[in-house]
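# Examination of the molecular architecture
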Amino acid sequence: MDGVEYILEHGTVFRKSSDGPSKNEKKIKTKAKKTSYIKGAHGSGSAKMKAEYRRRRANRNKK
């Protein structure tokens, strides 16, 4: 019961966890940012259409 009494007398402190990745690391967390998904290489019809729209938009002002 010492632990419970200590908590009642002194309270508890909740701090942010320090186990998370640092802010300097740039990790890819979503499929939308992976190059194979962006280029439509993985076979999804919607990804291929999005890739085609991106290509058209990129080439729109190139002359």
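Residues numbered from 1 in each chain as written. Predicted model: local features only at pLDDT ≥ 70, side-chain atom pairs only at ≥ 80, totals over all residues. Heavy atoms only, no water.

### What to know about the overall build of the chain
Counting its secondary structure elements, the chain contains three helices and zero strands. Counting all 63 residues of the chain, 5% fall into the buried class. Accessible area for the chain stands at about 6600 Å²; split by element, carbon and sulfur atoms hold 52% of it. (Helix = DSSP H or I, 4+ residues; strand = E, 2+ residues; numbered from the N terminus. Buried < 20%, exposed > 50% of the residue type's maximum accessible area, 1.4 Å probe, protein only. Areas by Shrake-Rupley, 256 points an atom, 1.4 Å probe, with all protein chains shown as cover.)

### Some remarks on a positive patch on the surface
Side chains of K50, R54, R57 and R60 sit close together on the surface and give a patch of like positive charge. Among the secondary structure elements, R57 is positioned in helix α3 (residues 45-59). The exposure class of R57 is exposed, given its relative accessible area of 52%. (Patch = residues over 30% accessible without salt bridge, like charges linked within 9 Å, V, L, I, M, F, W, Y side chains within 5 Å. Salt bridge = Lys/Arg side-chain N within 4 Å of Asp/Glu carboxyl O. Lys, Arg positive; Asp, Glu negative; His and termini not counted. Charge placed at Lys NZ, Arg CZ, Asp CG, Glu CD.)

### Concerning helix α1 (residues 2-10)
Of all the nine residues making up α1, zero are buried; the element is thus mostly uncovered. The positive-phi residue at the C-terminal boundary of α1 is G11, with phi of around 80°.

### Observations concerning the confidence of the model for the chain
Low pLDDT marks regions whose predicted coordinates should not be analysed in detail. Across the chain, the average pLDDT comes to 75, with 62% of residues at 70 or higher. Here helix α2 (residues 35-39) is the element of the chain with the lowest mean pLDDT, 69, and α3 is the one with the highest, 85. (pLDDT = per-residue confidence, 0-100.)

### Some details on the pattern of salt bridges
For the structure shown, the criterion picks out two salt bridges. A salt bridge links R55 to E52; the nearest nitrogen and oxygen atoms lie 3.1 Å apart. On the criterion of helical spacing, the pair formed by R55 and E52 is a turn pair, its members being three residues apart in helix α3. For R55, a relative accessible area of 43% puts it in the partly exposed group. Here E52 falls in the partly exposed class, since its relative accessible area comes to 29%. Here E52 ties to R56 by a salt bridge, and the two come within 3.3 Å at their closest N and O atoms. Here R56 and E52 lie together in helix α3, a separation of four residues that amounts to about one turn. Linked through salt bridges whose partners overlap, the residues forming this network are E52, R55 and R56.

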